[in-house]
Amino acid sequence: MLTYFALRAGIARTIASIVAALLVGLSGSAPSQAQDELSSAERCLSANFNVSLGAQLPRTAARLKSGEPLKIVAIGSSSTVGLWVLRSAATYPEVMRRELSRLRSNATVEVINSGRVGDTIPNNIARFARDVFAHTPDLVIWQLGTNDVAWGGRPDEGLKRSVLEGVRALKAGSSDVVLMDMQYAPQVLASASYSTMEGIIIDVAKQERVGLFSRFALMRNSINAGVAQSELVTFDGLHNTADGYDCVGRALARAISTSAR
């Protein structure tokens, strides 16, 4: 009997040692595993924690502070539509709405998605009356420029005047305005004119003192921080993945919330 109990005790000690070693190993690797398990969207957000629009949004701020409903129109092309995601909830405008509602829990936020596949800047402007002004928005997010260069377009001073006139028309409707620039994606970077288009958007935003949400910089920062391009850009080399749209929408909502204080 003594031999039997001694054997049981020895087995128990061995099992306890193995369990203790496993626990130590698991606890030591937990932070690394947690980092590895972060989604691409979370890592993208971490690389862009201080995004700024560079302008105040007075009408948006007034709505958020008063608790009155805030109406946002997002106009643009296929990346506003949310091409290649299967649910409207995964589009950047809807992600933005949810995040803004989370950040401002007392706010009622309505977002109207006025994206249309294939639109260029002139196409967008031609739709302003029906797809923007008819909704009397407090804030307009104008995503622009991609289709004007990705398919061989050459932006010039005439196109810059169009952007300038478009922004002034949006402001004349008493809306706050945020311009969203192009994607940092292979189809854009392959264009010899993408930097010219970027310069136009930046110059107009500064001149008219409207917000600029640089999707280009956001995606570039993320890739430079180690997020694989394929985690943010789909097979077509242009549109965002679900994680890419998620990062864009949440980062934009945070920038809006900060600019509307």
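(A) Representation of the sheet that holds strand β2 (residues 109-115). Read across the open sheet, the five strands follow the order β2-β1-β3-β4-β5; overall the sheet is parallel. Lying at the two open borders of the sheet, with one neighbouring strand each, are β2 and β5 (211-213). Across the sheet, the mean angle separating the axes of adjacent strands is 20° when strand polarity is ignored. In this structure, strand β1 (residues 70-76) lies alongside β2, joined through seven bridges in parallel fashion. Bridge pairing in β2 links lysine 71 to glutamate 110.

(B) Representation of the packing of aromatic side chains in the model. For the coordinates displayed, the defined rule picks out five aromatic pairs. Taken together, Phe128, Phe133 and Trp142 form an aromatic cluster joined through their ring pairs.

(C) Local environment of the packing of helix α9 (residues 157-172) against helix α11 (residues 194-208). As a packed pair, α9 and α11 sit with axes 10 Å apart at the nearest point and diverge in direction by 35°. Once α9 is placed against α11, the crossing between them reads as right-handed. Counted together, Leu159, Lys160, Val163, Leu164, Val167, Arg168 and Lys171 of α9 and Met197, Ile200, Asp203, Val204, Gln207 and Glu208 of α11 form the full contact between these two elements.

Conventions we followed
- Residues numbered from 1 in each chain as written.
- Predicted model: local features only at pLDDT ≥ 70, side-chain atom pairs only at ≥ 80, totals over all residues.
- Heavy atoms only, no water.
- Pairing = 2+ DSSP bridges.
- Helix = DSSP H or I, 4+ residues; strand = E, 2+ residues; numbered from the N terminus.
- Axes fitted to C-alpha atoms, helices over the stretch in contact; angles between N-to-C directions.
- Phe/Tyr/Trp six-rings, centres within 6.5 Å; stacked < 30°, edge-to-face > 60°.
- Left-handed = near helix turned anticlockwise from the far one by under 90°.
- Contact = heavy atoms within 4.5 Å.

The analysis is restricted to geometry; functional conclusions fall outside its scope.
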